[in-house]
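Overview (structure and organization)
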Amino acid sequence: MKRSILVVDDEVRYRELYARVLRDAGLEVLEAENAADALDLLSHEPLDMIVSDVRMPGETGLDLLRRVRTEKPELPFLLVTAYADVREAVDALKLGAVDYLAKPVDLDELLAAVRDTLGVSADADPEIPAGSLEGIVAASPAMRSVLRDAYRVAPSDATVLLTGESGSGKEVVAQFIHRNSARRDKPMVPVNCAAIAPALLASELFGHERGAFTGAVNKRNGYFREAHEGTLFLDEIGDMPLELQPSLLRATETGRITPVGSDKETLIDCRLIAATNHDLETDVAEGRFRQDLYYRLNVITIDIPPLRQRPEDIPPLARAFLNKDKTEARRLSRAAMQVLVSHPWPGNVRELANAMAHVRLLSQTDVILPEHLPPAVRKSAGKAAPASRNAEPQEAPAQPRTLEQHEIEAVTTALKQTKGNRTHAAQLLGITRRGLIYKLKRLGIE
């Protein structure tokens with residue numbers, strides 16, 4: 001389903017220009033020439049975002065923003081103006097505007113801001129319908145490649161093994177596969193194998209008969225039968241006890257399970273997705289995981305890269321987690337975002353979610369600054385600068401380097417780190433995309 005954007009501007013040339021650019025990007029666009037018409041459309045049209053001029057006859061864009069915040073506080077709002085008024089910018093951010101752009105607007109910057117806010121990929125893969133990605137942030141090429149593979153295997157019943165560090169998003173990918181499979185209308189049952197006591201895991205998976213063991217006062221179906229005609233997601237499969245692995249192997253090979261305390265097999269019909277942060281090949285070699293079960297699970301393997309290898313995902317993920325409750329719209333300052341992008345995130349997406357929960361609970365401001373971030377995140381950013389000073393000493397240049405040379409180095413390094421993505425390079429540098437484009441022209445960087 002196309003995302004719907006309302007463009008509000010009393011000047012026809014600007015309104016039509018913005019609308020054309022957004023439509024060319026595959027978005028549905030409605031137009032209004034003033035705040036009153038915009039509010040009328042808002043009352044009966046489903047909108048995903050508003051892009052509005054500030055200075056208009058009658059009610060201004062800021063007035064419209066206030067009204068929208070009252071009626072639909074979760075609706076993203078982007079302000080555009082020909083007047084570079086810092087006080088207006090601050091007021092707009094305090095009211096919950098997602099961004100504030102000055103005319104003449106860089107159209108790439110406008111499109112990037114809209115896409116970033118809505119979580120729409122700049123080069124969305126035609127293989128994946130936009131509606132399938134709802135609730136998923138995948139701005140990086142690495143994560144889009146993961147989702148492409150996941151979408152391709154989703155329609156089949158093939159067993160999928162998801163690998164990657166803890167907290168990298170394996171369950172999110174498992175849910176994506178289930179939602180895009182023929183079993184989407186049936187349950188997906190997640191099971192964390194590491195969170196269940198080994199003595200109880202067989203009963204939890206395969207079920208048990210009444211009286212099968214002490215405390216079994218009632219019959220239990222087990223997770224395999226709960227996932228009948230749906231998907232069973234076995235997380236942390238590498239932590240499954242070795243003695244239970246033959247039963248799982250038989251279940252995957254024959255489609256039959258035997259409940260604890262029963263001598264009768266039960267047919268099962270569920271799609272299996274497993275996930276682990278272990279190196280299962282090493283576990284097999286060292287005798288901690290059965291080789292035949294590994295080959296049975298390893299039909300399709302999708303590796304989820306850690307967050308530090310996909311920095312393009314950090315800004316949109318941080319914004320999504322920050323405004324998760326949608327009770328108020330908060331904005332991360334560029335300085336705060338620079339700290340987030342420079343942090344290595346050993347706990348991956350889960351750590352980022354926790355950091356934004358810290359900010360939501362403890363900060364009382366609309367604009368988040370570096371000092372509002374968790375101490376561990378701030379400390380890691382502070383360590384980044386000294387690291388370069390402690391590096392292997394280089395031969396001193398014959399002449400002191402000019403400011404322009406330092407600028408060229410900083411800009412080219414940022415572009416290399418982001419593989420030429422100007423929007424994300426600007427975020428790393430702590431400047432706007434417009435500012436980066438200006439620097440590229442001034443410094444003569446192609």
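Read on for a plain summary of the structure. What you see is a predicted model; the values in this text were computed from it and never measured.

Put simply, helix 1 (residues 12-24) and helix 5 (residues 107-118) touch, their axes get as near as 10 Å, and they point 60 degrees apart. When the axes of helix 1 and helix 5 are compared, the pair comes out oblique. For the crossing formed where helix 1 meets helix 5, the hand is right-handed. Judged by residue contacts, Leu17, Tyr18, Val21 and Leu22 of helix 1 engage Leu107, Leu110, Leu111 and Val114 from helix 5. Across the contact of helix 1 with helix 5, the residue classes break down as eight nonpolar, no polar and no charged.

Here helix 2 (residues 35-44) has its buried residues at Ala35, Ala38, Leu39, Leu41 and Leu42. The arc that holds every buried residue of helix 2, seen down its axis, measures 160 degrees, which confines them to one face. Looking at the buried side of helix 2, the elements it contacts are strand 1 (4-8), strand 2 (28-32) and helix 3 (61-71). A side-chain oxygen of the first residue of helix 2 lies 3.2 Å from the backbone nitrogen of alanine 36; this N-cap is asparagine 34.

Our next topic: the packing of aromatic side chains. If you walk through the whole model with that rule in mind, you get four aromatic pairs. Ring centres 6.4 Å apart and planes at 45 degrees place the aromatic pair tyrosine 151 and phenylalanine 176 in the tilted group. Of this pair, tyrosine 151 sits in helix 6 (residues 141-153) while phenylalanine 176 sits in helix 7 (residues 170-179), and the two are 25 residues apart along the sequence. With a relative accessible area of 23%, tyrosine 151 lands in the partly exposed category. Here tyrosine 294 and tyrosine 295 contribute two aromatic rings whose centre-to-centre distance is 5.6 Å and whose plane-to-plane angle is 45 degrees, an arrangement assigned as tilted. Exposure remark for tyrosine 294: the relative accessible area of 10% places this residue in the buried category.

The next thing to look at is the environment of proline 306. Looking at the element boundaries, proline 306 is found in the loop between strand 12 (300-303) and helix 13 (314-322). Each C-alpha atom, one on proline 306 and one on alanine 142, is 9.9 Å from the other, the two residues being 164 residues apart in sequence. Other than its neighbours up to four places away in sequence, proline 306 contacts Glu165 and Asn348.

Scoring rules and cut-offs
- Residues numbered from 1 in each chain as written.
- Predicted model: local features only at pLDDT ≥ 70, side-chain atom pairs only at ≥ 80, totals over all residues.
- Heavy atoms only, no water.
- Axes fitted to C-alpha atoms, helices over the stretch in contact; angles between N-to-C directions.
- Helix = DSSP H or I, 4+ residues; strand = E, 2+ residues; numbered from the N terminus.
- Parallel < 35°, antiparallel > 145°, perpendicular 65-115°, else oblique.
- Left-handed = near helix turned anticlockwise from the far one by under 90°.
- Contact = heavy atoms within 4.5 Å.
- Nonpolar A, V, L, I, M, F, W, Y, C, P; charged D, E, K, R; others polar.
- Buried < 20%, exposed > 50% of the residue type's maximum accessible area, 1.4 Å probe, protein only.
- Arc of directions from axis to C-beta.
- Polar contact = N/O pair within 3.5 Å; in protein donor to acceptor, adjacent residues only side chain to side chain.
- Phe/Tyr/Trp six-rings, centres within 6.5 Å; stacked < 30°, edge-to-face > 60°.

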